[in-house]
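The chain contents come next:
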Amino acid sequence: MALYGRDANGADAYIRASGASGTTEGLVTFHDTFSNDFKYKALDLSASADVIALVSSTNLRVMSVTLSADAACNVQFQTGATDNISGKIYLPANGTIHLSNQLGLFETDAGEKLNVVIVGTANVGLSLSYREV
């Protein structure tokens, strides 16, 4: 359930609620900036690979990504191993890049996995945070 209202400081806010409403158990509310549903993934890759397995009827929204490589290469994210959902991210030798957006960088199609395509011969470190939406 998503509600629109005012936070404790009187600012406009979207608020999520979880739980079951009832006489003895109320709803637990979360302000969007204090999310309880972030998930994290870290991988060391030397070739293209699946990053996050599909979740039925769910989009995987990537919130932040950190990439590093020991040699020049480019990295691109895909949904379901077919459609590009990011542009190519070019990494220099021994380079690191961090991308972040509180609304999300990109997301998979519903029910599809997130995979990464690496072009070039490099060892790539990948860390990301994501939400299931």
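Residues numbered from 1 in each chain as written. Predicted model: local features only at pLDDT ≥ 70, side-chain atom pairs only at ≥ 80, totals over all residues. Heavy atoms only, no water.

**Observations regarding unusual backbone geometry**
Right, so step 1: A positive phi angle is found at S57, which is not glycine, with a value near 55°.
Right, so step 2: Structurally, S57 is set in the loop between β5 (49–52) and β6 (60–69).
Right, so step 3: Under the relative-accessibility criterion, S57 is labelled exposed at 65%.
Right, so step 4: Within the chain, A81 stands out as a residue other than glycine whose phi angle is a positive 65°.
Right, so step 5: Considering the arrangement of structural elements, one finds A81 in the loop between β7 (73–79) and β8 (83–84). (Helix = DSSP H or I, 4+ residues; strand = E, 2+ residues; numbered from the N terminus. Buried < 20%, exposed > 50% of the residue type's maximum accessible area, 1.4 Å probe, protein only.)

**Concerning the pairing of β7**
Right, so step 1: Most of β7 is tucked away: 7 of the 7 residues are buried.
Right, so step 2: Alternating residues of β7 divide into C73, V75, F77 and T79 and N74, Q76 and Q78, and every residue in both groups is buried.
Right, so step 3: Note that β7 and strand β9 (residues 89–91) share 3 bridges and pair antiparallel. Among the inter-strand pairings, N74 is bridged to a residue of β9, identified as Y90.
Right, so step 4: By the bridge criterion, 6 bridges tie β7 to strand β12 (residues 114–119) in an arrangement that is antiparallel. Paired with T79 across the strands is L114, a residue of β12.
Right, so step 5: Two strands pair when backbone bridges link them, and β7 and β8 are joined in this way by 2 bridges, in the antiparallel orientation. Within β8, the residue paired with Q78 across the bridge is N84.
Right, so step 6: Hairpin connection of β7 to β8: 3 residues between the antiparallel strands, including G80 at a positive phi of 65°. (Pairing = 2+ DSSP bridges.)

**A look at the environment of S100**
Right, so step 1: With respect to the secondary-structure elements, S100 resides in strand β10 (residues 95–100).
Right, so step 2: Under the relative-accessibility criterion, S100 is labelled exposed at 52%.
Right, so step 3: For the pair S100 and L128, spaced 28 residues apart in sequence, the C-alpha separation works out to 9.4 Å.
Right, so step 4: Setting aside its immediate chain neighbours within four residues, S100 contacts M63, S64 and L105. (Contact = heavy atoms within 4.5 Å.)

**Thoughts on the nonpolar core**
Right, so step 1: Ranked by size, the top nonpolar core spans 22 residues in total, and within it V75, F77, L114 and L128 carry the most contacts.
Right, so step 2: At the level of elements, β5, β6, β7, β9, β12 and β13 (124–132) are the ones that each hand at least two residues to this core.
Right, so step 3: Broken down by element, the residue count for this core peaks at 5 residues, all from β6.
Right, so step 4: Residues in contact with F77, not counting those within four places in the same chain, are V65, D83, N84, I85, S86, I89, F106, L114, N115, V116, L126 and L128. (Core = buried A, V, L, I, M, F, W, Y, C linked by side-chain atoms within 4.5 Å.)

Read these as layout, nothing more, since geometry by itself doesn't imply function.
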